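Structural overview
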Amino acid sequence: MATIERDGAPWLTIDCGNEGLSHYLAQYGEAPRALFITHTHLDHVAGFERLFVSSYFDETRRGRVRLYVPAALVPLLHQRVGDYPNPLAEGGANFWDAFQVIPVGASFWHDGVRLEVFATRHHWPETSFGLRLQGSVVWTGDTRPIPEQLAKYANAGELVAHDCALHGNPSHSGIDDLEREYPAELLSRCVLYHYASHEEGEALAARGHRVAKADDVIGLADPSAPRAQP
């Protein structure tokens, strides 16, 4: 999980893992109010039952927590977290009553700002997506190298938060993959995450790369993304 802040307050959260949600609650003191979902592996969506409870039983939040979900992921997310006959033992509730689910395509508007969505390479086609706030940040989500996508979606100087471990596999990037596939200028803008251990992070840093750590707060450039007209 990660959260884009605006003026020091949470603006848009990426994914809803169980441990990540615990960190979020400790950081901000309340559950997220707007989320983008990259894919539906459980380490990225296992916090949804807790998020349902905190949202459904709070009348100020019920039906108002925005979930921006790439359209191809909607059935997968429902199968993973929403398709239980009675989310409450007493009945009378649908899982999605707690949320405002917004299926999205190539882009969507959040709080008057346009964000872009692009497919990544993680396990199976059309099951994993990245997010771009133009001019500010690109979040790859879990992915193999995607040079053709980043040539298009990270072409405005954005910081790129990129999946990377010391050694790659069929679903995740390794540092040798990124050093082979990406130009030096792009690598210089990457912040690496999703590595396996503190020691792996140190090894990545020793190769000259910027490495994200839990609870890091990273300054971003002001976005150049289109804004809604008042």
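In the nomenclature of an unreviewed UniProt entry, the chain is known as Ribonuclease BN (tRNA processing enzyme) of Agrilutibacter niabensis.

1. With respect to the state of the cysteines
Throughout the structure, instances matching the rule amount to zero disulfides. As a non-bridged cysteine, Cys164 has Cys190 as the owner of its nearest cysteine sulfur, 8.5 Å distant.

2. Topic: the packing of aromatic side chains
Per the counting criterion, the structure on display carries 13 aromatic pairs. With a centroid separation of 5.3 Å and an interplanar angle of 20°, the aromatic rings of Phe52 and Tyr56 are classed as stacked. Here Tyr56 and Phe52 lie together in helix H3 (residues 48–56), a separation of four residues that amounts to about one turn. It is Arg62 that lies over the ring of Tyr56; its NZ or CZ is 4.1 Å from the centre.

3. Things to note about the side chain of His172
Mapped onto the secondary structure, His172 falls in the loop between strand S10 (159–163) and helix H6 (175–181). His172 gets classed as buried once you look at its relative accessible area, which sits at 15%. A polar contact of 2.8 Å, which involves the side chain of His172, links it to the side chain of Asp163.

4. Some words on the sheet that holds strand S4 (residues 65–70)
With respect to topology, five strands assemble into an open sheet ordered S1-S2-S3-S4-S5, the strand pairing being mixed. Each of the sheet's edge strands pairs with one partner strand only, and the pair in question is strand S1 (2–6) and strand S5 (99–104). In this sheet, neighbouring strand axes are inclined to one another by 25° on average, regardless of whether the strands run parallel or antiparallel. Pairing of strand S3 (residues 34–36) with S4, which is carried by three bridges, proceeds in the parallel orientation. Bridged to Ala34 within S4 is Arg66.

5. Focus: the pairing of strand S11 (residues 190–193)
Here S11 shows two buried faces, one formed by Cys190 and Leu192 and the other by Val191 and Tyr193. As defined by bridge partners, S10 adjoins S11 across four bridges and the pair is classed as parallel. Note on S11: the bridge partner recorded for Asp163 is Tyr193. Since S11 and strand S12 (residues 210–211) lie parallel, the crossover through helix H8 (residues 198–206) that links them has a hand, and here it is right-handed.

6. Here we look at the nonpolar core
Leu12, Phe36, Phe48, Phe99, Phe108 and Leu133 are the most contacted members of the largest nonpolar core, which has 44 residues in total. Dropping the residues within four chain positions of it, Leu12 is found in contact with Ala2, Thr3, Ile4, Ala34, Leu35, Phe36, Tyr68, Phe108, His110, Leu115 and Leu131. In this structure, Ile146, Leu187, Cys190 and Leu204 belong to the second largest nonpolar core, which totals 18 residues.

7. Concerning the environment of Asn169
Positionally, Asn169 belongs in the loop between S10 and H6. By relative accessible area, which is 35% here, Asn169 ends up partly exposed. Looking at Asn169, its side chain comes within polar contact range of the main-chain nitrogen of Ser171, at 2.8 Å. Reaching out from Asn169, the side chain makes a polar contact with the backbone nitrogen of His172 at a distance of 2.8 Å.

8. Focus: H8
The set of residues buried in H8 consists of Glu200, Gly201 and Leu204. What you see down the axis of H8 is that its buried residues fit within an arc of 100°, all on one side. Those residues of H8 that are exposed and angled more than 90 degrees off the buried face are His198, Glu199 and Ala206. Considering only its buried residues, H8 is in contact with H6, S11 and S12. Immediately beyond the C-terminal end of H8, within one or two residues, lies Gly208, with a positive phi of roughly 95°.

9. Re the sheet that holds S11
Taken together, seven strands build an open sheet; the order of strands is S6-S7-S8-S9-S10-S11-S12 and the sheet is mixed. Both edges of this open sheet fall to strand S6 (107–110) and S12, since each of them pairs with a single strand only. Taken together, the three bridges between strand S9 (residues 137–139) and S10 define a ladder with parallel strand orientation. Bridge pairing in S10 places Val137 opposite Leu159.

Parameters at a glance
Residues numbered from 1 in each chain as written. Predicted model: local features only at pLDDT ≥ 70, side-chain atom pairs only at ≥ 80, totals over all residues. Heavy atoms only, no water. Disulfide = S-S within 2.5 Å. Phe/Tyr/Trp six-rings, centres within 6.5 Å; stacked < 30°, edge-to-face > 60°. Helix = DSSP H or I, 4+ residues; strand = E, 2+ residues; numbered from the N terminus. Lys NZ or Arg CZ within 6 Å of the ring centre and 35° of its normal. Buried < 20%, exposed > 50% of the residue type's maximum accessible area, 1.4 Å probe, protein only. Polar contact = N/O pair within 3.5 Å; in protein donor to acceptor, adjacent residues only side chain to side chain. Pairing = 2+ DSSP bridges. Axes fitted to C-alpha atoms, helices over the stretch in contact; angles between N-to-C directions. Right-handed = clockwise from strand over helix to strand, strands pointing away. Core = buried A, V, L, I, M, F, W, Y, C linked by side-chain atoms within 4.5 Å. Contact = heavy atoms within 4.5 Å. Arc of directions from axis to C-beta.

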